[in-house]
Amino acid sequence: MTTEFLQILWFILIAVLWIGFFFLEGFDFGVGMLLPFLGKNDHERRAIINTIGPHWDGNEVWLITAGGATFAAFPHWYATLFSGFYPALFFLLVGLIIRGVAFEFRSKDANPKWRSLWDWCIFTGSALPALLLGVAFANFSKGMPIDADMQYTGDLLTLLNPFGLLGGLVTVAIFLLHGIIFLSLKTEGDLLERAARQAGKVWIVVIVLTALMLVATYAYTDIVRQLGINPGLVPIASMIAILLAGLFISRRQYGWAFAMTGLTIALTLITAFMIMFPRVMISSTNPEYSLTIYNASSSPYTLTVMSIVALIFVPIVLAYQIWTYYVFRQRVKADPKTLTY
Amino acid sequence: MDPVVLSRWQFAITTVYHFFFVPLTLGLGWFVAILQTQYYRTGDETYKKMTKFWGKLFLINFSMGVVTGIVLEFQFGMNWSEYSRYVGDIFGAPLAIEALLAFFLESTFLGMWIFGWERLPKKVHLASIWLVAIGSNLSALWILIANGFMQHPVGYVINETTGRAELVDFFALIGNPKAWLFFWHTITSGFATAAFFVLGISAWHLVRKQNEDLYKKSFQLAAIIAVISITLVGLIGHTQGQELVQTQPMKMASIEALWETEQPASFSIITIGDLTGKNLVWEWRIPYALSFIACNNFSCEIRGVNEIQAEYEALYGPGDYIPLMVITYWSFRFMFGASLIMVALAFYALYLTVRSWPEKLSHPRWLKWMVPAIALPYIANSSGWILTETGRQPWIVQGLLKTEQGVSTAVSPAWILATLLGFTLLYAALMAADIYLLRKYAMAGPDAALQESEDSAPELVGGQD
């Protein structure tokens, strides 16, 4: 195997990990954001949490693994990104921390104030990371100030440019839609009706933001140079999928609608990675300073070792995670007699 | 404000905090798995209650360990990006493997275990908790392989063109004897932490004669685990001494604040003075003891700080190669002292369960002292890591890269300070919530743990509106 083959392979694998993360944590971030609004009483809120209860932690590991894989395969990418996006990552961590403990802590005390506090932690811990990850990916495709030593020279405000913020909003909106469709699949009774009623409205917001994002992508990124004026199958399919999601929502075919939002998330991310390739951190200071899969990667030996490990274990992980969704395929009833706390 | 100092404080606070939760997770997972296996085999409801009770405390603790662990993986890139560039080729691999092999396993099957009591076949549900225990211990192995490289780099070459360390022998990396000694020392410490946790909480209930059957059984099992694990902790710790004197002689000399080479070397239990060797007020020394710690005999020569400093200056150029002695000296004594008390208490607990078992166990005068003894393994665990990490200074990777060279250059000190304060405040608030819940559930006994998960008893679920 040539070095270049390994570098491309790991670029793809890291993209796959991010896609897995956005697809899975996307709906559980969405569910977390909806929690204080859709759940009208404590049992309903617990039912909402229980739709993602067995899964959210496993979903989050996709992010940890994406981080670890970036460290192992492209140390410079990891170092430049994590030190450069320092303040944003701090807020991301705070969000993930309060969210993670909230799932475990919120039902351990009956005081309504205690529960409300942790429910808002789940909300914040879902909305904030979603927003920040969207901001990050918009900036990945747009490029950012990076000097000749591979160091990020901007600050937090550099990332919060209009395109970055739009990326953040699009991500929040699509996660909300993904989550509300997931709830429509996994709940019943009043909760299901309420989720179903709101899904259409969220879809409209997503469509408006996505359309803006589409235009902005041509204005802010070098998509034309990378993919051409006609960007090709992947981005167009992504647009078709989000339109079809609306159709399936109106027909109350939530399984299909969920597949469509999932497809949109995956294809949009693939588009972002296609705009980047073979760069991994685009320098807006000087194109020469960009980090690429060639100048940011580990040695061929490390890449080979990691390829073997990934080849063995990724299928195993996928198999048992898919099995967990099969085990918990039933809808969750907001009934205190059957709820797991 | 020096970014190196700020980043070191941040690493110290977030890592020590993370490691408050990890050892209990490592040990208590196996404990719960054993209890559930007993329930599975005998159908005895007491074992089910025990599984639920200790399982509840396990979960509260586990969640804290998970969320504080994410910070560590991010922190290498955030605060130590130049370190990450330098060793990413080697250090990133075990981290990625840890996520892929261990994190997925423990998090996925923990979800299955919490929510699967009624949903999964009994055998599969039992397997879930075993997989959680295996997963969390596997995670310890891979992160210690990564840390082992920082203490004793193996399996690498320095690439002349890039100036970075590159992996050439993966099996040397994962076979690093340093890492495996760390691993067994950490795992057995985890067992000891869990055992003292169970002993203390059981003693609290036994003194009050509540649920005596359940807590006697817990106490008995924990006493056996405590004796075995704390003995192994000591034996492996002793073996580490012989490895340490070979690979990190400066750390060994700093443990004793041994300035001049000695043969045979003595060990001071306590020193009153400033550890410079010049302003000694009083000390209590045991002859031959340092030779025993370092070489497993009573006669070997232990090189002093001054000799090693001179050798390092010749080898690495001018500089200060001496760690902060007041920390290395005292952290070793805290670790060692806490462990010795644990040995005594573990055998006392075993004596209670064997000699006066079971009639008189409710009364022994000393039983209530097992409750504050829960703190002992925490003191030992934290001191041990503080010793290991500060004893390596000024190196971030022993002999290869200095800590000051590893810090991020793109991050402003103001942000490091802000996040240092942010993490500290957040962690303090979470610690309060965590201790509140652990206390509440530990004191409430097994019925609260059962009700909450099975019947949703109104007084615990509440909040109807």
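The coordinates are above.
Not measured: the values here are computed from a predicted model.

A. The overall build of chain A, seen in detail. In terms of helices and strands, chain A carries 13 helices and two strands. For 341 residues, the compact-globule estimate of 2.2 N^0.38 gives 20 Å, and the C-alpha radius of gyration of chain A, at 20 Å, lies within 12% of that figure. The C-alpha extent of chain A, read off along each of the three principal axes, is 60 × 40 × 35 Å. Considering chain A as a whole, with its 341 residues, one finds that 64% of them fall into the buried category. Of the contacts made within chain A by residues no fewer than 6 positions apart, 80% connect residues no fewer than 24 positions apart. Carbon together with sulfur atoms contributes 71% to the accessible area of chain A, which is approximately 12200 Å² in total. For chain A, the distance from the average site of its 21 positive side-chain charges to the average site of its 19 negative ones is 12 Å.

B. Spotlight on the interface of chain B and chain A. Tallying the contact residues gives 81 residues for chain B and 79 residues for chain A. Regarding the contact of chain B and chain A, the summed buried area is about 6900 Å², with carbon and sulfur atoms giving 71% of it. Three residues stand out in chain B for area buried against chain A, namely Arg85(B), Phe104(B) and Phe115(B), and they jointly supply 12% of the buried area on that side. The tally of links between chain B and chain A comes to one salt bridge. Ionic pairing is found between Asp109(A) and Lys440(B), a salt bridge with its closest N-O pair at 3.3 Å. Here chain B is connected to chain A by 24 residue pairs in polar contact (both at pLDDT 80 or more). Elements with a contribution of two residues or more to the side of chain B that touches chain A: α2 (45-79), α3 (81-115), β2 (165-167), α14 (413-444), α15 (446-454) and α16 (458-461) of chain B. Top contributing element to the side of chain B that touches chain A by residue count: α3(B), with 25 residues. The class makeup of the residues in the side of chain B that touches chain A is 45 nonpolar, 21 polar and 15 charged.

C. Unusual backbone geometry, seen in detail. In this structure, the amide linkage connecting Phe277(A) to the following residue, Pro278(A), adopts the cis form with an omega of 0°. Among the structural elements, Pro278(A) can be located in the loop between α12 (254-276) and β1 (279-281). Of note in the backbone geometry, Met150(A) takes a positive phi value of approximately 65° without being a glycine. Relative to the helices and strands, Met150(A) is located in the loop between α6 (112-142) and α7 (156-159). Within the chain, Asn296(B) stands out as a residue other than glycine whose phi angle is a positive 65°. Position of Asn296(B) relative to the elements: it lies in the loop between α9 (289-295) and α10 (305-316).

D. Seen up close, the packing of helix α3 (residues 56-73) of chain A against helix α13 (residues 300-327) of chain A. Residue and element names in this part refer to chain A. Two elements in contact, α3 and α13, have axes separated by 13 Å at closest approach and are oriented at 175°. For the element pair α3 / α13, the angle class is roughly antiparallel. Residue-level contacts link Gly58, Asn59, Trp62, Ala72 and Ala73 of α3 to Thr302, Leu303, Met306, Leu318, Gln321 and Tyr325 of α13. Of the residues belonging to the contact of α3 with α13, the class tally is seven nonpolar, four polar and no charged.

E. Broad picture of the packing of helix α1 (residues 3-38) of chain A against α12(A). Residues and elements named next belong to chain A. At a closest axis distance of 10 Å, the pairing of α1 and α12 adopts a crossing angle of 145°. The chirality of how α1 crosses α12 is right-handed. Mapping the contact onto sequence places Phe11, Ala15, Trp18, Ile19, Phe22, Phe23 and Phe27 in α1 and Phe258, Gly262, Ile265, Ala266, Leu269, Ile270 and Phe273 in α12. Taken together, the residues of the contact of α1 with α12 sort by class into 13 nonpolar, one polar and no charged.

F. Quick look at the side chain of Ser128(B). Note that Ser128(B) resides in helix α4 (residues 122-151). Leaving out residues up to four positions away in the same chain, Ser128(B) has contacts with Phe109(B), Met112(B), Trp113(B) and Leu120(B).

G. Structural view of the nonpolar core. Of all hydrophobic cores here, the largest spans 249 residues; its most connected members are Trp18(A), Trp54(B), Tyr83(B) and Met370(B). Among the elements that take part in this core, α3(B) stands out by supplying 21 residues, more than any other. Those residues in contact with Trp18(A) that lie beyond four places of it in its chain are Leu63(A), Ala66(A), Leu133(A), Phe137(A), Leu269(A) and Phe273(A). Counting 16 residues, the second largest nonpolar core, distinct from the first, contains Val245(B), Ala289(B), Cys300(B) and Leu387(B).

H. Local environment of the environment of Ala266(A). All names here are of chain A. Note that Ala266 resides in helix α12. A relative accessible area of 16% means that Ala266 is categorised as buried. Through-space distance from the C-alpha of Ala266 to that of Ala72 is 23 Å; in sequence the pair is 194 residues apart.

I. Up close: a nonpolar patch on the surface. Residue and element names in this part refer to chain B. A cluster of nonpolar side chains, namely Ile270, Ile272, Val281, Trp282, Trp284 and Ile286, defines an oily patch on the protein surface of about 600 Å² accessible area. Examining the composition of the nonpolar patch, we find that three residues originate from one element, strand β4 (residues 282-286), more than from any other. When you line up the elements, Trp282 lands in strand β4. Overall, the relative accessible area of 46% leaves Trp282 in the partly exposed class.

J. Summary view of the packing of aromatic side chains. Taken as a whole and judged by the stated rule, the model has 74 aromatic pairs over all chains. Arranged with centres 5.8 Å apart and planes meeting at 25°, the rings of Phe248(A) and Trp256(A) form a pair that is stacked. Accessibility expressed as a relative area gives 52% for Trp256(A), which makes it exposed. Taking 4.9 Å as the distance between ring centres and 75° as the angle between the ring planes, the aromatic pair formed by Phe76(B) and Phe91(B) counts as edge-to-face. With Phe76(B) in helix α2 and Phe91(B) in helix α3, the pair connects residues that are 15 residues apart, well separated along the chain.

K. Fine view of the state of the cysteines. Residues and elements named next belong to chain B. One pass over the structure, following the stated rule, counts one disulfide over all chains. Through a disulfide, Cys295 is tied to Cys300; the S-S separation comes to 1.9 Å. Negative torsions about the S-S bond denote left-handed disulfides, and the value of about 70° found for Cys295 with Cys300 makes this one right-handed. With a relative accessible area of 24%, Cys295 lands in the partly exposed category. Relative accessible area serves as the criterion here: at 12%, Cys300 is assigned to the buried category.

Reading guide: rules and limits
- Residues numbered from 1 in each chain as written.
- Chains lettered and ligands numbered in written order.
- Predicted model: local features only at pLDDT ≥ 70, side-chain atom pairs only at ≥ 80, totals over all residues.
- Heavy atoms only, no water.
- Helix = DSSP H or I, 4+ residues; strand = E, 2+ residues; numbered from the N terminus.
- Rg over C-alpha atoms; globule rule 2.2 N^0.38 Å.
- Buried < 20%, exposed > 50% of the residue type's maximum accessible area, 1.4 Å probe, protein only.
- Contact = heavy atoms within 4.5 Å.
- Areas by Shrake-Rupley, 256 points an atom, 1.4 Å probe, with all protein chains shown as cover.
- Lys, Arg positive; Asp, Glu negative; His and termini not counted.
- Charge placed at Lys NZ, Arg CZ, Asp CG, Glu CD.
- Buried area = accessible area lost by both parts, 1.4 Å probe.
- Salt bridge = Lys/Arg side-chain N within 4 Å of Asp/Glu carboxyl O.
- Polar contact = N/O pair within 3.5 Å; in protein donor to acceptor, adjacent residues only side chain to side chain.
- Nonpolar A, V, L, I, M, F, W, Y, C, P; charged D, E, K, R; others polar.
- Axes fitted to C-alpha atoms, helices over the stretch in contact; angles between N-to-C directions.
- Parallel < 35°, antiparallel > 145°, perpendicular 65-115°, else oblique.
- Left-handed = near helix turned anticlockwise from the far one by under 90°.
- Core = buried A, V, L, I, M, F, W, Y, C linked by side-chain atoms within 4.5 Å.
- Patch = residues over 30% accessible without salt bridge, like charges linked within 9 Å, V, L, I, M, F, W, Y side chains within 5 Å.
- Phe/Tyr/Trp six-rings, centres within 6.5 Å; stacked < 30°, edge-to-face > 60°.
- Disulfide = S-S within 2.5 Å.

Take it as geometry only, folks, not as evidence of what the structure does.
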